[in-house]
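Here are the chains, one letter per residue:
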Amino acid sequence: MRRLLTLAALLAPMPALAHEGGAHVHGFLVGFLHPVGGLDHVLAMVAVGLWAGLLGGRASWALPAGFLGAMVLGFGLGAGGFGLPMVEAGILASVIILGALVAAAARFPLAIAVPLVAVFGLLHGHAHGTEMAGAGALGYAAGFILATTALHAAGLFGARAIASQMVVRVAGGAMAALMLVVAAIA
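None of these values were measured; they are calculated from a predicted model.

**What about the overall build of the chain?**
(1) Moving on: Along the chain, the regular secondary structure elements total nine helices and zero strands.
(2) Moving on: Along the chain, from the amino end to the carboxyl end, the secondary structure elements read α-α-α-α-α-α-α-α-α.
(3) Moving on: Per-residue burial over the chain gives 47% buried out of 186 residues.
(4) Moving on: Sequence-distant contacts in the chain: of pairs separated by 6 or more residues, those separated by 24 or more amount to 86%.
(5) Moving on: Surface summary for the chain: the accessible area is close to 8400 Å², and the carbon and sulfur share equals 76%.

This is the structure we're talking about:
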């Protein structure tokens, strides 16, 4: 338990550091690196893929597509200066909720699962968009879309490659628990 708390304390600043904004935010490479620069982004996007992999069928593409589509919309809103309430809290909640859904192997209909991940995608995209400093917006967006797609794919194919569904569920629970610890410390 002590090691988990130490790890959480070391990682706690990462969510805030991932959303610095400023003139340095532009171009494909920066956009690509952004989702992998914050623990909150990595875990949420992998969790979408894990949940899609557990659900299988049309969910395999519908959940990641719903997240990505809403993320692009959120990016546009943020880059356009339209505010959304509680973006950072929503991003943190996305990891906790998605991790819990994976841990429970929750079987929601797509009519519920896709809008749920889309709300989280909107929030993650808004965080990206508010950081955008004008020049290089398309390259930046292309970079974070590609990185997000890769993280979704890692979760999806990871869920399929792991022989035990229980291992995938434990990973989801660990994601949720880690973010709960981060939230408690922050």
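Following the structure, the description resumes.
**Considering the environment of valine 167**
(1) Moving on: With respect to the helices, strands and loops of the structure, valine 167 is situated in helix 9 (residues 165-185).
(2) Moving on: Separated by 64 residues in the primary sequence, valine 167 and alanine 103 have C-alpha atoms spaced 9.2 Å apart.

**A few points about unusual backbone geometry**
Backbone phi values are negative for most residues with the exception of glycine, while trans is the configuration of most peptide bonds.
(1) Moving on: Phi at methionine 86 takes a positive value of approximately 55°, unusual for a residue other than glycine.
(2) Moving on: For methionine 86, the position within the fold is in the loop between helix 5 (59-79) and helix 6 (87-103).
(3) Moving on: Among the residues examined, methionine 86 registers a relative accessible area of 65% and is labelled exposed.
(4) Moving on: For alanine 105, which is not a glycine, the phi torsion comes out positive at approximately 50°.
(5) Moving on: By the secondary structure assignment, alanine 105 is in the loop between helix 6 and helix 7 (110-131).

The rules behind each value
- Residues numbered from 1 in each chain as written.
- Predicted model: local features only at pLDDT ≥ 70, side-chain atom pairs only at ≥ 80, totals over all residues.
- Heavy atoms only, no water.
- Helix = DSSP H or I, 4+ residues; strand = E, 2+ residues; numbered from the N terminus.
- Buried < 20%, exposed > 50% of the residue type's maximum accessible area, 1.4 Å probe, protein only.
- Contact = heavy atoms within 4.5 Å.
- Areas by Shrake-Rupley, 256 points an atom, 1.4 Å probe, with all protein chains shown as cover.

Shape is all these values report; function is a separate question.
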